[in-house]
Amino acid sequence: MSQPSKYRTHHCGRLNTCHIGQRVLLCGWVHRIRDKGFITWIELRDFYGIVQLVFDQERTAKKTYKEIKYLNREDVIQIEGMVLKRESANRSIPSGEVEVLVETISLLNKSSPPPFTIEKQTDGGPELRMQYRYLDIRRQPIRDNLVFRHQLVQSIREFLWKNEYLEIETPFLIKSTPEGARDFIVSSYMNKGQHYALPQSPQTLKQLLMIGGIDKYFQIVKCFRDEDLRADRQPEFTQLDCELSFASQHEIMEQFERLLGHLLEKFTDYRLRPFQRLTYDQAINNYGTDKPDLRFGMKLADFTQLTRSSGFAVFDSQETVAGFSVQNGSGTSRKTIDEWTRWIKRPQIGAKGLVWVSQDLNGEFRSSVSKFFGLRDFSAWFEKAQGSKGDLLLMISGRKNDVYYQLGKLRIEIANHLQLIDPNLFVPLWVTDFPLFEWDDQENKYSPMHHPFTAPMEKDLSYLQNDPLKVRAQSYDLVLNGNEIGGGSVRILDAGLQLKILNLLNFTESDAQDRFGFLLDALKYGAPPHGGIAWGIDRLAAVLKGKESIRDFIAFPKNNRARDLMMGAPSALTAKQLKELQ
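In what follows, the accompanying structure is described. Counting starts from 1 at the beginning of each chain's written sequence and moves along it residue by residue. Owing to the predicted nature of the model, reporting of local features is limited to residues with pLDDT of at least 70; listing and counting of side-chain atom pairs is limited to 80 or more, with chain, interface and lining totals taken over all residues. For the side-chain quantities, the full set of heavy atoms in the structure was used; hydrogens and water were omitted.

1. Quick notes on the nonpolar core
Throughout this description, the term nonpolar core refers to a set of buried Ala, Val, Leu, Ile, Met, Phe, Trp, Tyr and Cys residues connected via side-chain atoms within 4.5 Å. In this scheme, a residue with accessible area under 20% of its type's maximum is buried, one over 50% is exposed, and one in between is partly exposed, where area comes from a 1.4 Å probe on protein chains only. Of all hydrophobic cores here, the largest spans 39 residues; its most connected members are Ile156, Leu160, Leu240, Phe256, Leu259, Trp535 and Leu540. Runs of E in the DSSP output that reach at least two residues are strands. Runs of H or I that reach at least four are helices, and both are numbered from the N terminus. Listing elements by their share of this core, those giving two or more residues are α4 (140–162), β9 (216–224), β10 (236–245), α6 (249–267), β20 (475–480), β22 (530–536) and α14 (537–544). Looking at which element gives the most residues to this core, the answer is α6, with seven residues. Two residues form a contact once any of their heavy atoms are found within 4.5 Å. Those residues in contact with Ile156 that lie beyond four places of it in its chain are Leu240, Leu259, Leu263, Ile537 and Leu540. By size, the runner-up hydrophobic cluster in this structure holds 24 residues, among which are Met298, Leu354, Leu392 and Ile421.

2. Structural notes on the sheet that holds strand β13 (residues 320–326)
Two strands form a pair only when DSSP identifies at least two bridges running between them. The sheet built from five strands is open, its strands ordered β12-β13-β16-β14-β15 with antiparallel pairing. A single partner strand is all that each edge strand has here, and the edge strands are β12 (300–302) and β15 (365–367). Strand-to-strand twist across the sheet, computed as the mean angle between neighbouring axes with direction ignored, equals 25°. Summarising the sheet, β13 and strand β16 (residues 392–398) pair through seven bridges and their orientation is antiparallel. Each bridged residue has a counterpart across the sheet, and for Val326 the counterpart in β16 is Leu392. For helices, the fitted axis covers only the stretch in contact; all axes are lines through C-alpha atoms, and the angles between them, taken along N-to-C directions, range from 0 to 180 degrees.

3. With respect to the packing of aromatic side chains
What counts as a ring pair is set by centres within 6.5 Å for rings of Phe, Tyr and Trp (its six-membered ring), and what kind of pair is set by the plane angle: stacked under 30 degrees, edge-to-face over 60, tilted for all other angles. Using the criterion set out here, one finds 21 aromatic pairs in the structure. Taking the centre distance of 4.9 Å and the plane angle of 80° together, the rings of Phe312 and Phe315 count as edge-to-face. Taking the relative accessible area as the measure of exposure, Phe312 reaches 10% and is therefore buried. Looking at Phe315, the relative accessible area reads 0%, which means it is buried. When the centroid spacing of 5.4 Å and the interplanar angle of 65° are considered together, the rings of Phe365 and Phe382 count as edge-to-face. Here the residue Phe365 occupies a position in strand β15, and Phe382 occupies one in helix α10 (residues 375–384), the gap between them amounting to 17 residues. Residue Phe365 shares its accessibility class with Phe382, and that shared class is buried. Ring pairs connect the aromatic residues Phe312, Phe315, Phe365, Phe372, Phe373, Phe378, Trp381 and Phe382, which therefore count as one cluster. In this scheme, Lys NZ or Arg CZ marks a charge over a ring once it lies within 6 Å of the ring centre and within 35 degrees of the ring normal. Note that Lys545 overlies the ring of Phe148, its terminal NZ or CZ placed 5.0 Å from the centroid.

Take a look at the structure:
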């Protein structure tokens, strides 16, 4: 038989009316102290929750009562006492119907005053809390997020185990292979002047597992990207990485639709139904983004042909005029419209301005461009945007790609401003038929929309030689509430085709062999048809809990400059270390 713990017999947050009359031994941190002179209450906190301790002059030994005068918040203590029914129950905590009358108390460790309050609502800013992350983890919201993440990962594992996926670890020290971002480099002491890279993903490794005859693989794995961080990104992140042999794009999407549906049903009020599907072109043309939020309307409409030759240079001189209708928005004040105009003119968005047309409930139009357009024009625009009486039409002109990007951002901003998004609603969808390539103006070359190992659609192979931007990929992204949860693709099977794709991406045959020779060789030995997908675990956890930031679901996150404020990383190496590594 196992020996009883010398520290505790019960957990603070799990005491309840079943324990009344029992003597208990508890440990934890002093959460809060209320001293009324003749009676003192202390809230004791451990990982499992809070329980109220009682000390009074009549029932508590004098020695014990004196000892509590020296206690402060976050001191670590052990107490022994009797569980009693609490006269005034606290319904907000599970142990709120009981309290413990303390008989003895021991101070296990003294605490310095914490730099911020360890409460649900703390007075510590994000940078300060990251510097003292170990204290932040004591707060219930962070603790609950980490517990939720654990439950989420366990549920994913159980689903995949049940569906015969084999969990296999792949190495962290690998060869540097470009996948769209900069690698983190690890120098080798044993191999002077040579370096490993930390994986941006296990992409090529999981393909090699399929060539090795593994049928279904998964891994919950750390990935690393040394890149300029956009909002709420981390240089190291966790992803669910999967690959399947002898599975079509449809079969892969169906399996992982079931997995996300399972998670939504388990952790939210969502009930499984078929996911919506949009092609990349449909997503961009209707919502201005390849990860649209479908919890509200405001589809985009193209007004280019309807606005030509009007004499209005802002429209006539531009490639595209597009916009959307805001339902019941005709009463929007000029002040608010001016705020939206300033918002889209910020450098991050880059629009030149905003044209508006409103139609009141009587059908009367008002517009910022009434000098150039009339009733017939406004009516045609409203019809195109599926607007009606009482709506507000907003329009932007410029280069097509810029306009749709700007409208996509404005659509979300207005939905948030008007509180059109139901936070309890979950709308998952697949986005498919991405372009295989995009043109990089800065590098003056093609780059892969996803990665270089994505198979092109067979019907588009004829475009590879003369018009690569027309080639669509056998790829698919999983989107939830405007967030890209994950993405995947069917992979290239043929070494010749893989080499051709690498050549289009500016790799010479020698470069391709140097960087990817191991994969090109492997493809010559009977590679099975295969494909896969990867999900961002940090992002998925945040979206399921309705949170904007992924940091609170990571035990020790970096800040937006990729720095660990707690450990002081990255840091300089010593002269001795640098000499050893040459």
